[in-house]
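Here are the chains, one letter per residue:
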Amino acid sequence: MGTVIFLFIFMLALVLLGVPLVYSIGCASTVVILFDPTLDVTLVPSRLYLGIDSFVLASIPFFLLAAEILTSGGLIRRIIFFARLLIGHVRGGLAQVNILVSILFSGVQASCTADSAAIGGVLIPSMIEEGYDPDISAVVTATSSCCGPIIPPSILMLLYAFLTETSVAKLFLGGAVPGLLLGLSLMAVTHYWVVKRGYKRSREKVGTMKELVEAGLNASPALLVPVVIVVGLVGGFVTPTEAGVIACISALVVAVFFYRELSRAALIEAFKKAAHTTVVIWAVIAASKVFSEILVRALFTDSMLEVISTVTTSSTGALLSMMAFTFILGMVIDTTPLLIMLAGPLYDAGTSMGVDPVHLGVVLVMTALIGTVSPPVAVLLCLNCGIAKIPLGATFGIIWSYLAVMLGVVLLCVLFPGLVSWLPSVVSW
Amino acid sequence: MERYSQITRYVTETAVIFLFSAVLILQTVNIFFRYTGFLAPLMWVEEFSTFSFIWMFFLLWHVADRDGKHFMVDILHGKVPPRIRWGLEVFRHFAAIVFSGVVVWSSWAFISVAGGYPTNSFKWLLMGVVYLVIPLGLGLVLVERISMIWATLRRSNN
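As the structure is a prediction and not an experimental result, all values here were calculated from the model.

Asks: Describe the overall build of chain B, listing the residues and the values that go with them.
Replies: A count of helices and strands for chain B gives five helices and zero strands. Ordered by position from N to C terminus, the α and β elements of chain B give α-α-α-α-α. Here the C-alpha atoms of chain B give a radius of gyration of 20 Å, more than 25% beyond the 15 Å that 2.2 N^0.38 yields for 158 residues. Taken along its principal axes, the extent of the C-alpha atoms in chain B is 65 × 35 × 30 Å. The buried share of chain B, reckoned over its 158 residues, is 49%. Across chain B, the fraction of contacts at a sequence separation of at least 24, relative to all contacts at a separation of at least 6, is 70%.

Asks: Account for the nonpolar core, naming residues and giving values.
Replies: The biggest cluster of nonpolar side chains holds 202 residues, and the ones touching the most others in it are Tyr402 of chain A together with Trp61 of chain B. Broken down by element, this core gets its largest block of residues, 18 residues, from helix α13 (residues 264-297) of chain A. When neighbours within four sequence positions are excluded, Tyr402 of chain A is seen to be in contact with Ile136, Val139, Val140, Thr143, Leu186, Val189, Thr190 and Trp193 of chain A.

Asks: Describe in detail the packing of aromatic side chains, supporting the description with residues and values.
Replies: One pass over the full model with this rule turns up 24 aromatic pairs over all chains. The interplanar angle of 65 degrees and the centroid separation of 6.0 Å between the aromatic rings of Tyr23 of chain A and Phe99 of chain B together place this pair among those described as edge-to-face. Residue Tyr23 of chain A is located in helix α2 (residues 21-35), and its partner Phe99 of chain B is located in helix α3 (residues 82-114); the two belong to separate chains. What makes Phe99 of chain B buried here is its relative accessible area of 1%. Measuring from centroid to centroid gives 6.2 Å for Trp44 of chain B and Phe122 of chain B, while their planes differ by 55 degrees, and the two rings are tilted. A residue pair is termed long-range when its members are at least 10 positions apart, and Trp44 of chain B in helix α2 (residues 44-67) and Phe122 of chain B in the loop between α3 and α4 (127-131) qualify at 78 residues. By relative accessible area, which is 14% here, Phe122 of chain B ends up buried. The rings of Tyr23, Phe62, Phe271 and Trp282 of chain A together with Phe20, Phe53, Phe57, Phe58, Trp61 and Phe99 of chain B are connected pair by pair, giving a single aromatic cluster.

Asks: Please set out the pattern of salt bridges residue by residue, giving values where relevant.
Replies: Using the criterion set out here, one finds 13 salt bridges over all chains in the structure. In this structure, Glu293 of chain A engages Arg47 of chain A in a salt bridge whose closest nitrogen and oxygen atoms are separated by 2.8 Å. Of the two residues, Glu293 of chain A is situated in helix α13 and Arg47 of chain A in helix α3 (residues 43-52); the sequence distance between them amounts to 246 residues. Judged by relative accessible area, Arg47 of chain A falls into the buried class, the value being 17%. We note a salt bridge from Arg197 of chain A to Asp135 of chain A, for which the minimum N-O separation is 2.9 Å. Here Asp135 of chain A lies in helix α8 (residues 134-144) and Arg197 of chain A lies in helix α10 (residues 168-197), a separation of 62 residues in the sequence. Through salt bridges that share partners, Lys272 of chain A together with Arg9, Glu13 and Asp67 of chain B make up one connected network.

Asks: Just give me the short version of helix α16 (residues 335-352) of chain A, but keep the residues and values in it.
Replies: Since there are 3.6 residues in each turn of an α-helix, residues three or four apart along the chain are aligned in direction. All names here are of chain A. Taking 1.5 Å of rise per residue, 18 residues should cover 26 Å, and α16 covers 24 Å from first to last C-alpha, within 8% of that figure. The sharpest bend along α16 reaches about 40 degrees and sits at Ala343, with the proline Pro345 one to four residues further on. Burial analysis of α16 places 13 of its 18 residues in the buried class, which makes it a mostly covered element.

Asks: Outline the environment of Ser352 of chain A, supporting the account with residue identities and numerical values.
Replies: All names here are of chain A. Along the chain, Ser352 turns up in helix α16. Among the residues examined, Ser352 registers a relative accessible area of 49% and is labelled partly exposed. A distance of 2.5 Å separates a polar side-chain atom of Ser352 from the backbone oxygen of Asp348.

Asks: Can you break down the interface of chain A and chain B residue by residue, with the values?
Replies: The interface of chain A with chain B comprises 57 residues on the first partner and 52 residues on the second. Inspection of the chain A/chain B interface yields 10 residue pairs in polar contact (both at pLDDT 80 or more). Counting only elements with at least two residues in the side of chain A that touches chain B, the list comes to α1 (2-16), α2, α3, α4 (59-72), α12 (240-259), α13 and α16 of chain A. In terms of residues, the side of chain A that touches chain B owes the most to one element, α13 of chain A, which gives 14 residues. For the side of chain A that touches chain B, the residue count by class is 43 nonpolar, 10 polar and four charged.

The rules behind these values
Residues numbered from 1 in each chain as written. Chains lettered and ligands numbered in written order. Predicted model: local features only at pLDDT ≥ 70, side-chain atom pairs only at ≥ 80, totals over all residues. Heavy atoms only, no water. Helix = DSSP H or I, 4+ residues; strand = E, 2+ residues; numbered from the N terminus. Rg over C-alpha atoms; globule rule 2.2 N^0.38 Å. Buried < 20%, exposed > 50% of the residue type's maximum accessible area, 1.4 Å probe, protein only. Contact = heavy atoms within 4.5 Å. Core = buried A, V, L, I, M, F, W, Y, C linked by side-chain atoms within 4.5 Å. Phe/Tyr/Trp six-rings, centres within 6.5 Å; stacked < 30°, edge-to-face > 60°. Salt bridge = Lys/Arg side-chain N within 4 Å of Asp/Glu carboxyl O. Expected span 1.5 Å × (residues − 1). Bend = angle between axes of the 7 residues up to and from the residue. Polar contact = N/O pair within 3.5 Å; in protein donor to acceptor, adjacent residues only side chain to side chain. Nonpolar A, V, L, I, M, F, W, Y, C, P; charged D, E, K, R; others polar.

Shape is all these values report; function is a separate question.
Here it is in structure tokens:
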């Protein structure tokens with residue numbers, strides 16, 4: 001146990017000193033291996049390789065590529081236009097449009113940072129131009145981006161599935177209801193602030209049926225891509241990697257033949273961006289494999305189980321304590337690396353205490369995402385504050401209400417597992 | 001050194017786009033074969049895809065270092081005096097150099113032990129050849145980080 005404590009303290013010290021996570025995890029693990037005579041140094045390269053030697057993991061570059069192709073192909077503009085016609089007439093319409101766009105775009109983008117950058121880059125300046133305060137523009141964009149990785153298809157769910165060998169289809173379905181619930185809750189809290197601050201409508205009336213049908217048809221080819229992925233996976237017709245390939249081909253067809261906005265240079269750029277994002281995610285996965293090898297050999301899960309069982313013996317209590325642990329770490333560590341580091345050990349401990357793996361995965365992903373908009377670090381909120389040109393502190397007046405609502409939704413999902421398990425149980429495959 | 005970075009970035013990105021496109025095309029063909037029954041799916045495509053993505057990952061790792069794209073927690077940056085910020089930057093490069101150096105050094109021993117086995121789909125291809133990308137990729141990281149730490153140290157002298 002002494003080795004594990006040293007490993008964690010050393011890694012956390014490196015993280016806090018600003019060393020990239022891959023090197024914090026890698027250096028801490030390497031030092032332990034070098035000083036432990038029972039461990040061989042070749043564990044480092046072998047586990048680095050084994051960590052990413054997976055056919056399921058190969059689906060991630062494809063999903064990222066599909067998202068890049070659709071983003072470069074002009075999808076965002078079409079979704080925003082459609083959402084404005086649909087709900088732009090309600091009070092504070094543009095703020096609500098922001099949330100609706102995140103929900104619609106979520107199935108395509110699947111990464112909250114990319115989602116936030118893409119949508120925030122367009123909608124935050126428009127919101128400020130229409131008289132919204134910069135703080136609410138940044139907060140709405142940041143918090144609504146958290147819906148994306150919960151609503152299927154989701155790369156975070158895919159990662160959790162890979163790390164814990166849980167069914168991808170069940171996880172995708174399990175995230176649908178909580179994701180929509182989160183979106184609706186964010187719309188409600190936004191409405192509260194809109195009324196309190198007296199923001200106006202972005203359109204006087206709802207779009208005509210003709211306008212709605214035209215805009216809907218224009219956006220639908222791209223919005224069908226995630227539907228194809230989810231149906232293919234849930235129906236058991238395709239493997240995750242095949243689903244990724246089909247997503248890429250569908251995205252290419254939509255961008256080239258329907259929207260005709262994708263140039264060759266943009267396509268090459270899409271390949272590069274997808275590859276670079278893959279590297280950043282996989283680097284943490286690879287380094288975490290070395291780290292987890294030490295944890296396994298030190299029987300870390302058993303020790304963790306002992307600690308949790310001193311706090312609670314019920315599965316709900318265990319899930320709540322894991323939620324609290326994830327939320328605290330999520331305040332300083334980004335979602336993807338956090339999930340990679342925690343999924344394995346928490347899965348082992350959670351399932352031993354009777355927590356359903358799908359339930360655990362959805363709660364874990366949701367909680368980690370909330371961490372990205374929680375000060376002091378709030379990676380996602382910082383990104384949007386940058387776009388809105390305000391300091392992070394300027395959002396403190398309203399972010400608490402959004403955080404309270406988001407944590408409330410996760411708490412509901414913990415206390416009522418049916419919110420997560422209902423859809424996977426009614427859809428048979 | 002700037003020229004070296006440009007060349008390595010260009011070469012590795014070109015290789016990666018080629019590999020990525022090849023995998024996408026082969027996987028598409030395989031899906032077509034599988035669902036139409038036109039021909040039997042090519043069994044080697046799965047392993048080829050995995051190897052290609054692993055090569056892509058290791059070859060591009062150094063570019064993420066150069067661009068500062070790796071996940072990190074930067075709560076101290078901006079809250080400490082410039083001198084300490086400079087010291088932290090040197091320390092970050094040093095940590096990356098230690099890690100990549102150990103991987104490059106230990107991967108030779110790893111390849112000599114585990115690299116003699118043939119791959120499942122390509123009997124003529126030894127796993128050692130596939131594993132070669134580990135020292136190659138981390139070697140690129142090592143050179144990149146050494147150049148970065150050198151630049152940081154020189155900035156202080158100026």
